[in-house]
Amino acid sequence: MNYLEFEKPLAEIEGKAAELRALARNNPEMDVEKEAAALDAKAETMLTDLYKSLSPWRKCQVARHPDRPHCKDYIDTLFTEFTPLAGDRNFADDHAIMGGLARFKDRPVVVIGQEKGSDTKSRIERNFGMARPEGYRKAIRLMDLAHRFGLPVVTLVDTPGAYPGKGAEERGQAEAIARSTEKCLQIGVPLVSVVIGEGGSGGAVALATADRILMLEHSVYSVISPEGCASILWKDAEKMREAAEALRLTAQDLLKLGVIDQIIPEPRGGAQRDRAATIASVGKAIEGQLDALSKQSGSALIAARRKKFLDMGRKGLAA
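What you are looking at is a predicted structure, and each value in this text was computed from that prediction instead of being measured.

J.: Talk me through the nonpolar core; I want residue IDs and the actual numbers.
T.: Counting residues in each nonpolar core, the largest one holds 34 residues, and the members touching the most others are Val110, Ile112, Tyr136, Val153, Met215, Tyr221 and Ile260. The set of elements that each furnish at least two residues to this core consists of strand E3 (107-114), helix H6 (133-149), strand E4 (153-159), helix H8 (173-186), strand E5 (191-200), helix H9 (201-208), strand E6 (212-216) and helix H12 (251-256). Looking at this core element by element, the count peaks at five residues for H6. Grouped together as the second largest cluster of nonpolar side chains are 25 residues, Cys71, Val109, Val111 and Val194 included.

What follows is the structure in structure tokens.
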């Protein structure tokens, strides 16, 4: 278990319980279960208290937790017959965005998502989930395919933002993001997006301009990272806590503001504590949304989707 900074007291208690049990395994005559159970109970209480009212900055930390299930985990578990499609037919294949044809609950779909990677090698290969222009152009190609064959689209959002490197800018990063956002608004099939971790800036919006936007309870979705916002406003990245408060980036705030449509509860202690339960909850939420959207015609979906985003922001920050 990887512990976050604010979880250090919890780590000490759980570590002591594990240490006692390890000693007992090496010495069968030792009876430590009573003491270990007391530590377990204390840890459970502390875990509940820690996650009962997380600050926006702590939610950012949880959303970035390396042990949270990533896009590939959801695809491997929730989707069957997944056939990955690669390349943008223009420049290259971007491994930060994965997608292809699949079946979801025996329903043919197109699934697209941002993959951060799970170890050093895969994180470098996936560029930490930060897509280049060819990644967004691959997403456009897949959405075109979905529109042509009448397949619903499911997108899984988890990115710090689009890659800001020189090469990406030279190949039209901003234009690719804009085209992907435009394509989301044009396709006449159900489009459901789930923010499973970080929803960072235009890199997230390019896949999340959807009929229904869902967020995991401790995920975040914002126009800029708290560190980036603090660097611009206060010239001090260490003021990220104040920036996180001001950005209104939590799922709870965004539901009140009408930016998202549904919050998916996470297990106590975050998605990283029970990956299987989290993935199952996401699958159930996607199924419910697709069932509802599949009853609408393509033209009705496009009209409602456009209106949804034109109306966004009317609730105001007083909501």
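Following the structure, the description resumes.
J.: Break down the environment of Asp311 for me, with residues and values.
T.: Within the secondary structure, Asp311 sits in helix H14 (residues 298-311). Taking the C-alpha atoms as reference points, Asp311 and Gly258, 53 residues apart in sequence, are found 9.0 Å from one another. Among the polar contacts listed, one links the side chain of Asp311 to the side chain of Lys307, at a separation of 2.6 Å.

J.: Break down empty space enclosed by the protein for me, with residues and values.
T.: Inspection of the entire model under this criterion finds one cavity of 30 Å³ or more. For the lining of the largest cavity, the secondary structure elements donating two or more residues are E5 and strand E7 (220-222). In terms of residue count, E5 provides more of the lining of the largest cavity than any other element does, three residues in total. Of the residues assigned to the lining of the largest cavity, the class counts are six nonpolar, six polar and two charged.

J.: With reference to specific residues and values, describe the layout of surface pockets.
T.: Counted as a void, the largest pocket has a volume near 290 Å³. Val205, Tyr221, Val223, Val259 and Met312 are the residues nearest the centre of the largest pocket, which is lined by 17 residues in total. Taken together, the elements giving at least two residues each to the lining of the largest pocket come down to H9, E7 and helix H11 (240-247). Each pocket or cavity is described by its volume, and for the second largest pocket that value is around 180 Å³. Contributing to the lining of the second largest pocket are 15 residues, with Phe82, Pro84, Met98, Gly99 and Arg126 lying nearest its centre. Of all the elements in the fold, those that place two or more residues in the lining of the second largest pocket are helix H4 (71-78), strand E1 (79-84) and strand E2 (97-104).

J.: Account for the pairing of E2, with residues named and values stated.
T.: Burial runs high along E2: six of the eight residues are buried. Bridge count between E1 and E2: four bridges; the pairing is antiparallel. Its bridge partner being in E2, Phe79 is matched across the sheet by Phe104. Two strands pair when backbone bridges link them, and E2 and E3 are joined in this way by eight bridges, in the antiparallel orientation. The partner of Leu101 across the bridge, within E3, is Val110. Hairpin connection between E2 and E3: a loop of two residues separates the two successive antiparallel strands, and Lys105 in this loop has a positive phi of roughly 55°.

Criteria and cut-off values
- Residues numbered from 1 in each chain as written.
- Predicted model: local features only at pLDDT ≥ 70, side-chain atom pairs only at ≥ 80, totals over all residues.
- Heavy atoms only, no water.
- Core = buried A, V, L, I, M, F, W, Y, C linked by side-chain atoms within 4.5 Å.
- Buried < 20%, exposed > 50% of the residue type's maximum accessible area, 1.4 Å probe, protein only.
- Helix = DSSP H or I, 4+ residues; strand = E, 2+ residues; numbered from the N terminus.
- Polar contact = N/O pair within 3.5 Å; in protein donor to acceptor, adjacent residues only side chain to side chain.
- 1 Å grid on protein atoms, 1.4 Å probe; cavity = no way out; pocket = protein on both sides within 12 Å on 5 of 7 lines; lining within 4 Å.
- Points joined across faces, edges and corners; volume = space filled by probe spheres on them.
- Nonpolar A, V, L, I, M, F, W, Y, C, P; charged D, E, K, R; others polar.
- Pairing = 2+ DSSP bridges.

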